[in-house]
Amino acid sequence: GESVGLHLPTLSVQEGDNSIINCAYSNSASDYFIWYKQESGKGPQFIIDIRSNMDKRQGQRVTVLLNKTVKHLSLQIAATQPGDSAVYFCAEREYGNKLVFGAGTILRVKS
Amino acid sequence: DSGVTQTPKHLITATGQRVTLRCSPRSGDLSVYWYQQSLDQGLQFLIQYYNGEERAKGNILERFSAQQFPDLHSELNLSSLELGDSALYFCASSVAGESGNTIYFGEGSWLTVV
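Residues numbered from 1 in each chain as written. Chains lettered and ligands numbered in written order. Predicted model: local features only at pLDDT ≥ 70, side-chain atom pairs only at ≥ 80, totals over all residues. Heavy atoms only, no water.

### A look at unusual backbone geometry
Along the chain, T7 of chain B connects to P8 of chain B via a cis peptide bond; the corresponding omega equals -10 degrees. Here P8 of chain B lies in the loop between β1 (5–7) and β2 (10–13). Despite not being glycine, R61 of chain A shows a phi value in the positive range, around 65 degrees. Note that R61 of chain A resides in the loop between β5 (56–58) and β6 (62–67). Its identity as a non-glycine residue notwithstanding, N51 of chain B has a phi of 50 degrees, on the positive side. Looking at where N51 of chain B falls in the secondary structure, it is placed in the loop between β5 (42–50) and β6 (53–57). (Helix = DSSP H or I, 4+ residues; strand = E, 2+ residues; numbered from the N terminus.)

What follows is the structure, given as structure tokens:
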């Protein structure tokens, strides 16, 4: 059959604004979630993680929120910079250490 | 730099051929993972090894195989290659194999099958 590429959602933000990237996960039994950033031509880079017994975790300029009731994750980036432009993936960890990735969101930062 | 090293970075080969992708995990990491990233499937888990033993298996085709050696480096072997195997193949590693260990990715090996 014909192969159709993934159509990733795109978030465009102005430099200096805050960004919020959302993700819905599928497995209510998942107990660990991670956000990765992938720049063009590079591998996924770990940003921040959160365990299911938490609902918020903060890092440097980033915050992850977890809502287990609706199986939703979000990544907030404060004062978004041009270097933040990338594809962002959420991932949920299944048995062992297997990661199941979402489709990704493209973040474009306008200067 | 994540500390995970993959070779080769780029590879072009013909259909029907066989290739081997190599991965050196971060120093001290015992677990190695292989992922495939294609335009139509996104990032897909293939297989995980922990200290030389297979730990978990994902969507890995029978034409593909992997192993982890005593020095903890890993190889992914892809045989009878088809056009649809063209993709980025990532290796990743973590300290252990259990949930909660951060997984670090390499820069990937870009495979083009022509």
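### Topic: the layout of surface pockets
Estimated volume of the largest pocket: approximately 540 Å³. Along the walls of the largest pocket sit 22 residues, with L8, Q38 and V87 of chain A together with Q37 and L39 of chain B positioned nearest its centre. Looking at the lining of the largest pocket, the elements with two or more residues in it are β8 (86–93) of chain A together with β4 (31–38), β5 and β9 (87–94) of chain B. Taken together, the residues of the lining of the largest pocket sort by class into 12 nonpolar, 8 polar and 2 charged. (1 Å grid on protein atoms, 1.4 Å probe; cavity = no way out; pocket = protein on both sides within 12 Å on 5 of 7 lines; lining within 4 Å. Points joined across faces, edges and corners; volume = space filled by probe spheres on them. Nonpolar A, V, L, I, M, F, W, Y, C, P; charged D, E, K, R; others polar.)

### Quick word on the side chain of S38 of chain B
All names here are of chain B. Here S38 shows up in strand β4. Residue S38 is classed as buried on the basis of its relative accessible area of 13%. In this structure S38 touches S86 and A87, once residues within four positions along its chain are discounted. (Buried < 20%, exposed > 50% of the residue type's maximum accessible area, 1.4 Å probe, protein only. Contact = heavy atoms within 4.5 Å.)

### Observations concerning the interface of chain A and chain B
Across the boundary between the two partners, chain A contributes 23 residues, which contact 26 residues of chain B. Buried surface at the junction of chain A and chain B, both sides included, amounts to about 1800 Å², of which 53% is carbon and sulfur. Where chain A packs against chain B, one counts 0 salt bridges. Connecting chain A to chain B are 3 residue pairs in polar contact (both at pLDDT 80 or more). Counting residues per element, the ones that place at least two in the side of chain A that touches chain B are β3 (32–38), β4 (45–51), β8 and β9 (99–101) of chain A. (Buried area = accessible area lost by both parts, 1.4 Å probe. Salt bridge = Lys/Arg side-chain N within 4 Å of Asp/Glu carboxyl O. Polar contact = N/O pair within 3.5 Å; in protein donor to acceptor, adjacent residues only side chain to side chain.)

### So, the nonpolar core
Residues and elements named next belong to chain B. In terms of nonpolar packing, the biggest core is built from 20 residues, with W34, L46, I47, L76, L78, Y89 and L111 touching the most fellow members. Going through the elements one at a time, β3 (19–24), β4, β5, β7 (64–68), β8 (74–78), β9 and β11 (109–113) are the ones with two or more residues in this core. When near neighbours in sequence (up to four residues on either side) are disregarded, L111 contacts L11, T13, V19, L78, L81, D85, S86, A87 and Y89. (Core = buried A, V, L, I, M, F, W, Y, C linked by side-chain atoms within 4.5 Å.)

### Brief notes about the state of the cysteines
Residue and element names in this part refer to chain A. Scanning all chains against the criterion turns up 2 disulfides over all chains. Note on cysteine connectivity: C23 is disulfide-linked to C90, with sulfurs 1.6 Å apart. Of the two residues, C23 sits in strand β2 (residues 19–24) while C90 sits in strand β8, which places them 67 residues apart along the sequence. Each member of the pair, C23 together with C90, is buried. (Disulfide = S-S within 2.5 Å.)

### Quick notes on the pattern of salt bridges
Residue and element names in this part refer to chain B. Tallied over the full model, the rule gives 5 salt bridges over all chains. Across the pair R26 and D29 runs a salt bridge whose closest N-O atoms are separated by 2.9 Å. In this structure, E82 and R63 form a salt bridge, with 3.7 Å as the shortest nitrogen-oxygen distance. Placement of the pair is E82 in the loop between β8 and β9 and R63 in the loop between β6 and β7, with a sequence separation of 19 residues.

### Some points on the sheet that holds β1 of chain B
All names here are of chain B. A sheet is described by the order of its strands in space; here 4 strands give the open sequence β1-β3-β8-β7, paired in antiparallel fashion. Each having just a single partner strand, β1 and β7 make up the two edges of the open sheet. Across the sheet, the axes of successive neighbouring strands diverge by a mean angle of 15 degrees, strand direction being ignored. Relative to β3, β1 runs antiparallel, the two sharing 3 bridges. Following the sheet pairing, T7 is matched in β3 by R22. (Pairing = 2+ DSSP bridges. Axes fitted to C-alpha atoms, helices over the stretch in contact; angles between N-to-C directions.)

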